[in-house]
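# Chain and residue survey
Residue strings, one per chain:
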Amino acid sequence: MNSVSPSPSASRAVSVTVILLLALAVHGPLLLMQLPANSYDAYTHMFMASHYAGHWFNPWNEKWFAGFSQTTYPPLAHQLIALFSYLFGLTMSYMFVQLVAILLIAVGILRYARLWVDEQSASYAALGAVFLGSLGMLTYQSGQINTILGSALTLNAIPYFYRWLRSNTLSNLVKGVLLTMSAAAVHHITLISIVLFAAPVVWLALVDRNQEGAEASAPGVISRALAFGALVGIGIALVLLPFWISFFKNPVTQLPIPHPSRDNYLLNLKTGLNYWLIPYGALALVVPYMFLRGATSRRLRPLFVGWWVTFLIGLGGTTPFAKLLFNRFFYVFTYERFTFVSTLMVLPLAGLLAAHLINRYGRKALVGVFAAMVATFATSVAWMQFNPIGDTSFKVDQVIAFMNRDDHSKFRYLTLGFGSLFSKVSIEVNASTVDGDYNSARLLPEMTQYGAGKLDNAKYYGLGGMESLRAMLKHANQYGLKYIFVRDRFYEPLLAFAGWRTAEQYDNGNVTLWVKDDVPPAQKMDFGAPPPPWQGLIWGLLPISVALLSLLSVVLLHERRRLAETYEFPATDEAVALREAK
């Protein structure tokens, strides 16, 4: 093949302004259309946020599981949504925080990739982050805003961590520690992601310790890494203290709940398509290059090893690796988030490959790379149409109106077949339900003794799900469970057999209300207890304070700006050092 001289414009690094504007242009309209509202978890996170909007310092939420503590879930993303809900309303506030998380992902990848590759390649990596298939899946299909925001904060913390390891400057230590603590305050699984991102960077700092005149010793790098880890550990322990108290007081001992991300993707091709091939998209073509350059370059080897470990975890039950690593917690985690992290780790090498192709083949390669990125993202969003997570939408206004009138909220209720709209109903209804959509928080024995996630979709969990629902119906009087809204007629024979009768119909007969006449009003249950006021106080103050301090430290703690230097990525293992953005 004849080489083609690249045009000057094609071989330039892309500015961060252009990258952010492109991210805004791609994701802004989709978020304005509220496309993530149809995702699996978006209303769940809005539900958690709605509680903080009304009860900032009281983490005890009466609406799910006959009462549960929100200290079982790190609060920062939900609290941010709650704060902005006063300006934009709850749904648009969710979209706004989601947009901020996406923009931070692009900036974070740019800064993270600069640790590994040259400026041009890093900018291409950041462009790739905008069109990342796994990002599209998590945003528009799964609704995992916490995973995205936590990863974004981690990515932005890691370059400060690297600088601290090499240069021993206090400002980098402060910014790195605060951003890492903020990431942990978003999602507890982020604690694992932090380690996955940080370990290769420690290795890289050891490789680079004598570059650019910074003659750091290996013991010095390691001791600074340990000091950073100790500060972060202490900070996370304090900021999330109510979470740890709840975690150790009520450890997760319930039966494992099935999740397709734990399948063997080779034996279940549809699952593999949904949890690996679609999220990776065109990045799957970069995997051989990851082996070729990552395994053979001394500087890139830490990134390659870190990616390989994360890649194996993201394969769920396809290999025994994740099960051996997490032991019993293997059945607590879901693994699409680790695939997301592994795709983030591929991006620096993908940017390097893109820069190589564009510099060699010019506009033809530029068009090809851009087409591959667009196709990857478009496929991830379009996948929702080919693989919908729920049935067609329906109206829940009449259900909400019924529960909020005539003292109906004195009793508990249940929905069957509502899907993601279950959480939307929970936001608006004043009454409590025995169901819920955050498995780790529930303590009711009718739910923890069976391997089912929600009563609302009990049939999808087979015998365990139906046994859980049957046990709850049997104890309806104990829980004050009087009203059941049914959208799936599959459950009607069971309700009739358990002594319930139909009362009303809504949405043109799409939803039927079933009532049990002899149920007394709901009472407070003994399963779990509200956290004491001091826990509510620090839960409402510390996570959001750490986030504000992180922002202030990044803005106010300036560093001496290094002179710009343009160079090609080395063909050998020669010096490539500190090139992180300011």
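Just so we're clear, the structure is a prediction, and the values are computed from it rather than from any experiment. (Residues numbered from 1 in each chain as written. Predicted model: local features only at pLDDT ≥ 70, side-chain atom pairs only at ≥ 80, totals over all residues. Heavy atoms only, no water.)

### Points about the overall build of the protein chain
Rule in force here: Only DSSP runs of H or I with at least four residues qualify as helices, and only runs of E with at least two residues qualify as strands; both kinds are numbered from the N terminus onward. It is over C-alpha atoms that the radius of gyration is taken, and the globule rule equals 2.2 Å times the number of residues to the power 0.38. Burial status follows relative accessibility: with a 1.4 Å probe on protein chains alone, a residue under 20% of its type maximum counts as buried, one over 50% as exposed, and anything between as partly exposed. In this analysis, two residues are considered to be in contact whenever any of their non-hydrogen atoms come within 4.5 Å of each other.
A tally of helices and strands in the protein chain yields 24 helices and 6 strands. Over its C-alpha atoms the protein chain spans a radius of gyration of 25 Å, differing by no more than 12% from the 25 Å that the globule rule assigns to 582 residues. By its C-alpha atoms, the protein chain is 80 × 55 × 45 Å across when sized along the principal axes. By the burial criterion, 56% of the 582 residues in the protein chain qualify as buried. Summarising the internal contacts of the protein chain: among those between residues at least 6 apart in sequence, 75% fall at separations of at least 24.

### Thoughts on the sheet that holds strand β6 (residues 511–515)
Condition: Two strands pair under a simple rule: DSSP has to find at least two bridges between them. Lines fitted to C-alpha atoms define the axes, with helix axes restricted to the stretch in contact, and inter-axis angles between N-to-C directions lie between 0 and 180 degrees.
The strand order across the open sheet built from 4 strands is β3-β4-β6-β5, with neighbouring strands paired in mixed fashion. Of all strands in the sheet, those with a lone pairing partner are β3 (412–416) and β5 (501–506), marking the two edges. Looking at each pair of strands side by side, their axes are set apart by 25 degrees on average, direction ignored. Relative to β6, strand β4 (residues 481–486) runs antiparallel, the two sharing 4 bridges. Looking across to β6, one finds that Tyr 483 is bridged to Val 515.

### Regarding the nonpolar core
The tendency in soluble globular proteins is for nonpolar side chains to be buried as a group. Rules: Working definition of a nonpolar core: buried Ala, Val, Leu, Ile, Met, Phe, Trp, Tyr and Cys residues. They are joined through side-chain atoms within 4.5 Å.
Core analysis: the biggest nonpolar cluster contains 178 residues, and Tyr 112 and Phe 485 have the highest contact counts within it. Examining the composition of this core, we find that 14 residues originate from one element, helix α16 (residues 336–361), more than from any other. Apart from residues no more than four positions distant in its own chain, Tyr 112 is found in contact with Leu 155, Ile 158, Pro 159, Phe 197, Val 201, Leu 303, Met 345 and Pro 348.

### So, the packing of helix α8 (residues 170–184) against helix α9 (residues 190–207)
Rules: Angles below 35 degrees are treated as roughly parallel, those above 145 as roughly antiparallel, those between 65 and 115 as roughly perpendicular, and all remaining angles as oblique. Left-handed describes a crossing in which the near helix is turned anticlockwise from the far one by less than a right angle; the clockwise case is right-handed. Note on residue categories: nonpolar means Ala, Val, Leu, Ile, Met, Phe, Trp, Tyr, Cys or Pro, charged means Asp, Glu, Lys or Arg, and polar means any other residue, Gly included.
Two elements in contact, α8 and α9, have axes whose closest approach is 8 Å; the angle formed by their N-to-C orientations is 140 degrees. Considering the angle they form, α8 stands oblique to α9. Crossing angle aside, the handedness with which α8 passes α9 is right-handed. When α8 is examined against α9, the residues Thr 180, Ala 183 and Ala 184 are found in contact with a partner set consisting of Thr 190, Leu 191 and Ile 194. Grouping the constituent residues of the contact of α8 with α9 by class yields 4 nonpolar, 2 polar and no charged.

### Topic: helix α1 (residues 16–32)
The condition is simple: A helix's residues, less one, multiplied by 1.5 Å, set its expected span. We define the bend at each residue as the angle formed by axes fitted to the 7 residues ending at it and the 7 residues starting at it.
Here α1 is 17 residues long and its end C-alpha atoms lie 23 Å apart, about the 24 Å a rise of 1.5 Å per residue gives. If you look at α1, its biggest bend is around 30 degrees, right at Val 26, and the proline Pro 29 turns up within four residues after that. The secondary structure elements touched by the buried residues of α1 are α4 (90–113), α5 (119–130), α6 (133–142) and α17 (363–386). One or two steps after α1, the chain reaches Gln 34, where phi turns positive at roughly 60 degrees.

### Points about the packing of aromatic side chains
The geometry of an aromatic ring pair comes down to the distance between the two centres and the angle between the two planes. Quick reminder of the rule: What counts as a ring pair is set by centres within 6.5 Å for rings of Phe, Tyr and Trp (its six-membered ring), and what kind of pair is set by the plane angle: stacked under 30 degrees, edge-to-face over 60, tilted for all other angles.
Scanning the entire structure with this criterion turns up 45 aromatic pairs. Ring geometry for Tyr 280 versus Phe 311: centroids 6.3 Å apart, planes at 85 degrees, classification edge-to-face. Residue Tyr 280 is located in helix α12 (residues 269–280), and its partner Phe 311 is located in helix α14 (residues 301–314); the two are separated by 31 residues in the primary sequence. There is no split in this pair, since Tyr 280 and Phe 311 are both buried.

### Notes on the pattern of salt bridges
Side-chain pairs of opposite charge can arise where the charged atoms are in close proximity. Rules: Salt bridges are counted wherever a side-chain nitrogen of Lys or Arg sits within 4 Å of a carboxyl oxygen of Asp or Glu.
Going through the model one piece at a time under the given rule, you end up with 11 salt bridges. Among the salt bridges present, the one from Lys 454 reaches Asp 437, with a minimum N-O distance of 4.0 Å. Here the residue Lys 454 occupies a position in the loop between α20 (445–448) and α21 (462–474), and Asp 437 occupies one in the loop between α19 (421–428) and α20, the gap between them amounting to 17 residues. Note on Lys 454: relative accessible area 5%, which makes it buried. Taking the relative accessible area as the measure of exposure, Asp 437 reaches 14% and is therefore buried.

### Section: unusual backbone geometry
With a phi angle near 50 degrees, Asp 507 is a residue other than glycine that sits in the positive phi range. Within the element layout of this structure, Asp 507 appears in the loop between β5 and β6. Taking the relative accessible area as the measure of exposure, Asp 507 reaches 18% and is therefore buried. One non-glycine residue, Asn 508, adopts positive backbone phi at about 55 degrees. Summarising the element assignment, Asn 508 is placed in the loop between β5 and β6.

### What about the confidence of the model for the protein chain?
Put simply, the rule reads: As a per-residue measure, pLDDT tells how confident the predictor is, with possible values from 0 to 100.
Looking at the protein chain, pLDDT values average 89 and 93% of them are 70 or higher. Confidence, expressed as mean pLDDT per element, reaches its minimum in the protein chain at α20 with 86 and its maximum at α4 with 97. In this model residues 1–7 is a low-confidence stretch, pLDDT under 50, and it forms 12 contacts with partners more than four residues away in sequence or in other chains. Across residues 562–582, confidence stays below pLDDT 50; counting only partners more than four residues off in sequence or on other chains, it has 48 contacts.

### Things to note about α12
Those residues of α12 lying buried are Thr 271, Gly 272, Asn 274, Tyr 275, Trp 276, Ile 278, Pro 279 and Tyr 280. Residues of α12 that are buried in the fold lie against α6, α13 (287–294), α14, α16 and α17. Where α12 terminates, the next one or two residues include Gly 281, which has phi positive at roughly 55 degrees.

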